[in-house]
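Chain residues, written in single-letter form:
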Amino acid sequence: MSAYDKVTAARSTKKLTSVDYINALFGESFIELHGDRCYGDDKAVVAGVGMLNNIPVTVIGLEKGRNTFERMERNFGAAHPEGYRKALRLMKQAEKFHRPILTFVDTSGAFCGIGAEERGQGHSIATNLMEMMALKTPILSVFIGEGGSGGAIALAVADEVWMMENAVYSVISPEGCASILWKDSSKAPDAAECLKLTAKDLFDLGVIERILREPTADDHKMFESLKLLICRTFEKNLAIPGDELARIRYNRFRKIGKQD
Amino acid sequence: MDLFTFIKPKNELENSDDTDTKKPYVPDEMWEKCPECGTLLLTTDIEENLRVCSKCNHHFRLNARQRVDMIADKDTFVEMDKDFESANIIDFPFYDEKLEKSKKQSNEKESVICGTCKLGGIETVIVSMNSEFMMGSMGTVTGDKITRAFEYATEQRLPIIVFTVSGGARMQEGILSLMQMAKTSGAVKMHSDAGLLYITVLTDPTTGGVTASFAMEGDIILAEPKALIAFAGPRVIEQTIRQKLPKDFQTAEFLKQKGFVDKVVDRRYLKETLKHLLKIHNYGED
Ligand SMILES: [Zn+2]
C-alpha cells in the first residue's frame with residue numbers, strides 16, 4: 001500500500017469509529033458524560049467513564065459518525081473549542097480520581113470556521129497540550145483513522161501513542177501540502193509520500209510506540225487482546241507516581257528534535 | 001500607557017502631500033510607502049518612530065533582531081543556542097534549497113532567536129520569532145530553541161517574554177514539527193508551575209500551530225494593533241465555509257473583544273508596559 005492508499009483507508013466511511021471501539025471495549029459499563037460547562041456539548045467528541053476489565057477508565061474519542069445522519073450531527077469529527085474543553089474537563093476529572101485516560105483519535109482536523117475562531121480554537125488546543133503534559137494520571141492515545149494536525153495532537157499528549165496499521169498522523173493534509181508545494185492539490189499522493197504520515201513512518205521516527213492490527217466489527221478475539229494490552233499498559237503506568245509519570249511524558253516529547 | 005491617553009509622536013508629518021515637495025533631495029530608497037494609508041514616509045522617521053506609520057499608526061513588520069533592539073536595554077542581549085540549524089530530516093523536496101534561501105534572505109539560521117537581556121534594568125529571557133525566515137514557521141530547531149529558553153528561564157527563575165509571528169508548524173519537517181507544539185507547551189507548563197511570569201506579545205501574523213501552542217499560553221497575552229491572530233487563517237476558513245468573513249475578524253482587537261487577548265498595546269508603549277508588568281510581578285532591577 002502506498003502512503004496515499006493509507007490516507008484513503010484512514011478516511012474510509014466503512015471504518016470503525018470511536019463509538020464502535022468504545023462499545024466493543026467497554027460494553028454496558030460505558031456512561032457518556034456531556035458538555036464543557038462553559039458553552040455547550042460538542043458531538044464531535046464522545047466522552048465518558050467505564051470499566052476496562054476491572055480498571056475504571058475515562059475514555060474520550062473524536063467521533064466522525066457511522067452514517068450520513070450521524071456524520072452531519074458529529075460535524076465529521078471536526079471538533080470546536082467546546083469539544084476540546086469537554087475533553088480537558090474530563091481529563092482533569094480523571095486526574096482527580098487517579099483514573100487512567102484512553103483517547104481515540106480520528107479527525108481530519110480541528111474545525112475551521114467563524115464560531116471556532118471566535119471561541120478560541122487555538123486557545124483550546126494550546127490549553128490541552130499544556131495541561132495534558134502535566135496530568136498525574138496515565139494517558140494512552142490510539143489513532144484509529146485520520147490524525148489531522150493540531151486537532152489530533154490536542155488529544156494525544158500521552159505516555160504512549162498507538163496506531164492502527166491503516167491510520168495516519170500528519171502536520172497537514174496531503175491535499176493542503178500539495179497545493180502549497182506544487183500549487184496542485186491533485187498531487188496529494190506525492191505529498192502523502194513526502195510527509196511520512198503512515199504508522200510505519202511514525203514508528204521509525206520514534207513518534208509512536210506501537211502499531212496495531214486493525215479489528216473488524218465482529219472480531220471479538222482481537223478486541224479482547226486489545227483490551228488486555230491497554231489494561232497492562234495502564235497497570236504498569238498506574239504504579240508510577242503521578243509526578244514521575246508526567247516527567248517521563250515530558251521527556252518523551254522533549255527528545256523529539258532535540259539538538260544537543 | 002493607554003491608547004486613550006495617546007500622545008502624538010513628535011515626528012508626525014502633518015501633511016503627507018507636502019513631503020515630496022518639501023524634501024525634494026531625498027533619494028527614493030530612503031522613502032517607504034505605508035501599506036495601510038499609502039503615505040510616503042522617510043525611512044529614518046519610521047525608524048525613529050519604532051517602525052510605526054506616523055499618519056495612521058500602522059505597525060510595520062519587524063524582524064527578530066529589530067524586536068530585540070526595540071525591547072532590550074542597549075548591548076544587554078546575550079543570544080543562546082545561536083548556532084542551531086535545521087536539517088532536512090525527512091528528506092522533504094525543495095527543503096534544503098528553501099532553508100538556504102531563507103538563511104540568505106534573513107541573515108539568520110532559524111525562525112527564532114532566544115536569549116537573555118535587561119529590560120529597563122530587569123533581567124529577562126526573551127524569545128523573538130522571525131517572519132523573514134520561512135514566515136516564522138516552527139520546525140524542530142525552532143521548537144527546541146524555544147523549549148530550551150523556557151527551561152533556562154525555569155532554572156534561573158527568570159520571567160520570559162515571547163514575541164510571536166508565525167505561519168504555523170513547518171510542513172517540511174512533517175510530524176516532527178507538530179510534536180514541537182506539545183514539547184514547547186510542556187516547557188511553558190513547567191515554567192508556569194514554578195510560579196514564574198510568561199508574557200506573550202502576539203504580532204502580525206500569528207497563526208496555526210504557534211497560536212495553538214505557546215502563543216496562547218501566556219499568563220498575560222498582549223498583541224500589537226491590527227495584528228492577524230488565528231488558528232486557521234482567513235483563506236482556509238473562506239474555503240471551508242464558503243462565505244465572506246466579517247470585517248476585522250481575527251484582528252488583535254477582535255480577539256480582545258472575544259476574551260483571548262489581555263491588552264492591545266501600541267508598539268511605542270510596549271517596552272514601558274512590559275517593564276511595568278515585570279515590576280508588578282516583583283522582578284526588580286539588580
Ligand atoms: Zn500609514
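Provided above is the structure to which this section pertains.
Thresholds applied
Residues numbered from 1 in each chain as written. Chains lettered and ligands numbered in written order. Predicted model: local features only at pLDDT ≥ 70, side-chain atom pairs only at ≥ 80, totals over all residues. Heavy atoms only, no water. Axes fitted to C-alpha atoms, helices over the stretch in contact; angles between N-to-C directions. Helix = DSSP H or I, 4+ residues; strand = E, 2+ residues; numbered from the N terminus. Parallel < 35°, antiparallel > 145°, perpendicular 65-115°, else oblique. Left-handed = near helix turned anticlockwise from the far one by under 90°. Contact = heavy atoms within 4.5 Å. Nonpolar A, V, L, I, M, F, W, Y, C, P; charged D, E, K, R; others polar. Core = buried A, V, L, I, M, F, W, Y, C linked by side-chain atoms within 4.5 Å. Buried < 20%, exposed > 50% of the residue type's maximum accessible area, 1.4 Å probe, protein only. Pairing = 2+ DSSP bridges.

Enquirer: I tried to follow the packing of helix 6 (residues 121-134) of chain A against helix 6 (residues 174-193) of chain B on my own but got confused; where do I start?
Expert: Packed helices, taken two at a time, are described by their axes: the angle between them and the distance between them. The N-to-C vectors of helix 6 of chain A and helix 6 of chain B enclose an angle of 65 degrees; their axes lie 8 Å apart at closest approach. Between helix 6 of chain A and helix 6 of chain B, the angle is such that the two are roughly perpendicular. Every pair of crossing elements has a handedness; the one defined by helix 6 of chain A and helix 6 of chain B is right-handed. Listed contacts from helix 6 of chain B to Ile125, Ala126, Leu129, Met130, Glu131, Met133 and Ala134 of chain A of helix 6 of chain A are Met181, Ala182, Lys183, Ser185, Gly186, Val188 and Lys189 of chain B. Counted by class, the contact of helix 6 of chain A with helix 6 of chain B contains nine nonpolar, two polar and three charged residues.

Enquirer: Can you walk me through the nonpolar core in this structure?
Expert: The nonpolar side chains of soluble globular proteins are, as a tendency, buried together. Residues Leu102 and Tyr169 of chain A are the most contacted members of the largest nonpolar core, which totals 133 residues. Looking at this core, the element that brings in the most residues is helix 6 of chain B, giving eight residues. Counting 26 residues, the second largest nonpolar core, distinct from the first, contains Val68, Ala72, Ile126 and Leu197 of chain B.

Enquirer: What is the right way to look at the sheet that holds strand 5 (residues 122-129) of chain B in this model?
Expert: Remark on secondary structure: sheet strands pair via backbone hydrogen bonds, oriented parallel or antiparallel. All names here are of chain B. As summarised here, the arrangement of the seven strands in space is 3-4-5-6-7-8-9, forming an open sheet in which the pairing is mixed. Pairing within the sheet leaves two strands with one partner each, and these edge strands are strand 3 (78-80) and strand 9 (263-264). Both strand 8 (residues 220-223) and strand 9 contribute to a ladder of two bridges, which runs parallel. When the sheet's bridge partners are listed, Leu222 is paired in strand 9 with Lys263. Each of strand 3, strand 4 (112-119), strand 5, strand 6 (160-166) and strand 7 (198-206) is contacted by helix 5 (residues 140-156), which is oriented at about 25 degrees to strand 4, the strand it contacts most.

Enquirer: Any chance you could explain the side chain of Thr124 of chain B here in plain terms?
Expert: Residue and element names in this part refer to chain B. As for its position among the elements, Thr124 is in strand 5. Note on Thr124: relative accessible area 0%, which makes it buried. Excluding its chain neighbours within four sequence positions, the residues that come into contact with Thr124 are Gly115, Thr116, Cys117, Leu119, Pro159, Ile160 and Ile161.

Enquirer: I'm lost on unusual backbone geometry in this one. Help?
Expert: Excluding glycine, residues mostly have negative phi values, and the peptide bonds linking residues are mostly trans. With an omega of -15 degrees, the peptide bond running from Asp204 of chain B to Pro205 of chain B counts as cis. Examined against the element boundaries, Pro205 of chain B turns out to sit in strand 7. You will see that Arg37 of chain A, though not glycine, has its phi angle at about 70 degrees, which is positive. You can see Arg37 of chain A is positioned in the loop between strand 1 (31-32) and strand 2 (45-52). When its relative accessible area of 62% is taken as the criterion, Arg37 of chain A is described as exposed. Even without a glycine there, the phi angle at Asn53 of chain A is positive, about 50 degrees.

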